[in-house]
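Spelled out from the first residue to the last, the chains are:
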Amino acid sequence: MRRAYPVAQTPELARWSLGATLTIFLQLTFGASLRHIGWLPHLLWTHIGIAALVLFVGGLAAGKVLRRFRSVTLFRRPAQGISWLLLLQVLLGILTFFWGRPVLLATVHVAVGAVLLACSVVLTVSLFYFAVYSSGPKNSWNRPLRIYLELTKPRLTFLAVVSAALGFLMAS
């Protein structure tokens, strides 16, 4: 039996998700410059301002996806991940700021930002993939796990996490 998906709304959602991905990437860029150049006031306030933008755009994109594709696991899981990671990231950012930038907390803040970017990229690619092949979900929806694994590249992600952990341990 074929399921009905709101195909007409997919390009709009894909654009919102792309906007969220780009703002998250911009935020990571300013966060990296803040961490490596120093806590200059203009960089700090730019980072905080873009964080508000990320919270708005990312939350709106995830909310729209969750409302329209609640039953589609391929879209729901990254959108839920974005929602929870946004909240965690804001909390970590506030704690990092008020506790005087402890190294471990700042590192966790950076790592959660990277995972947030990864979830946003997965959601964006999934939505654009569906928008391109939106003549109706045919055979691809019989294999959602295969598509998920194809989009997320778990072995490459595992390699990146292990490399980052080894780098952190070597630097300590």
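Keep in mind that this is a model prediction, so the values were computed, not measured.

(A) Inspection of the overall build of the chain at higher detail. Each helix and strand counted, the chain has six helices and zero strands in total. Moving toward the C terminus, one meets the helices and strands of the chain in the order α-α-α-α-α-α. Within the span of the chain, comprising 172 residues, buried residues form 35% of the whole. Considering only contacts within the chain whose residues lie at least 6 apart along the sequence, 73% involve residues at least 24 apart.

(B) The pattern of salt bridges, seen in detail. Taken as a whole and judged by the stated rule, the model has two salt bridges. Lys-64 is the salt-bridge partner of Glu-12, the closest N and O atoms lying 3.4 Å from each other. Pair noted here: Glu-12 is in helix H1 (residues 10–37) and Lys-64 is in helix H2 (residues 41–68), with a separation of 52 residues, a long-range link. Residue classification places Lys-64 among the buried positions, given a relative accessible area of 13%. Note that Arg-68 and Glu-12 form a salt bridge whose closest N and O atoms lie 3.5 Å from each other. Residue Arg-68 is found in helix H2, and its partner Glu-12 is found in helix H1; the two are separated by 56 residues along the sequence. Each of Glu-12, Lys-64 and Arg-68 takes part in a single network of salt bridges with overlapping partners.

(C) Just the side chain of Thr-124, in detail. Its place among the elements puts Thr-124 in helix H4 (residues 103–132). Setting aside residues no more than four positions away along its own chain, Thr-124 makes contact with Ala-14, Ser-17, Leu-18 and Thr-21.

(D) Quick peek at the nonpolar core. Of all hydrophobic cores here, the largest spans 24 residues; its most connected members are Val-65, Phe-69, Phe-75, Ile-82, Leu-116, Leu-123 and Leu-127. If you list the elements that add at least two residues to this core, you get H1, H2, helix H3 (73–98) and H4. Residue contributions to this core peak at eight residues, all from H4. The residues touching Leu-116, leaving out its near neighbours within four places in the chain, are Ile-24, Ile-82, Leu-85 and Leu-86.

(E) Up close: a nonpolar patch on the surface. Nonpolar side chains collect at one region of the surface, where Val-103, Leu-104, Val-108, Phe-158, Val-162, Leu-166, Phe-168, Leu-169 and Met-170 lie side by side and expose about 920 Å² of accessible area between them. At the level of secondary structure, the elements contributing two or more residues to the nonpolar patch comprise H4 and helix H6 (154–171). Take the nonpolar patch: its biggest share by element is six residues, from H6. Inspection of the secondary structure assignment puts Val-103 in helix H4. Given the relative accessible area of 58%, Val-103 is considered exposed.

(F) Summary view of the side chain of Ser-120. The topology assignment puts Ser-120 in helix H4. The contacts of Ser-120, once residues within four sequence positions are left out, are Ser-17, Ala-20, Thr-21, Ile-24 and Ile-82.

(G) Structural context of the confidence of the model for the chain. On average, the chain scores 82 in pLDDT, and the residues at 70 or more come to 83%. When mean pLDDT is taken per element in the chain, H3 scores highest with 92 and helix H5 (residues 144–152) scores lowest with 66.

(H) Layout of H2. Look at H2: 40 Å from first C-alpha to last across 28 residues, which is about the 40 Å you get at 1.5 Å a residue. Taken residue by residue, H2 has Leu-43, Leu-44, His-47, Ile-50, Val-54, Val-57, Gly-58, Ala-61, Ala-62, Gly-63, Lys-64 and Val-65 as its buried positions.

The rules behind the values
Residues numbered from 1 in each chain as written. Predicted model: local features only at pLDDT ≥ 70, side-chain atom pairs only at ≥ 80, totals over all residues. Heavy atoms only, no water. Helix = DSSP H or I, 4+ residues; strand = E, 2+ residues; numbered from the N terminus. Buried < 20%, exposed > 50% of the residue type's maximum accessible area, 1.4 Å probe, protein only. Contact = heavy atoms within 4.5 Å. Salt bridge = Lys/Arg side-chain N within 4 Å of Asp/Glu carboxyl O. Core = buried A, V, L, I, M, F, W, Y, C linked by side-chain atoms within 4.5 Å. Patch = residues over 30% accessible without salt bridge, like charges linked within 9 Å, V, L, I, M, F, W, Y side chains within 5 Å. Areas by Shrake-Rupley, 256 points an atom, 1.4 Å probe, with all protein chains shown as cover. pLDDT = per-residue confidence, 0-100. Expected span 1.5 Å × (residues − 1).

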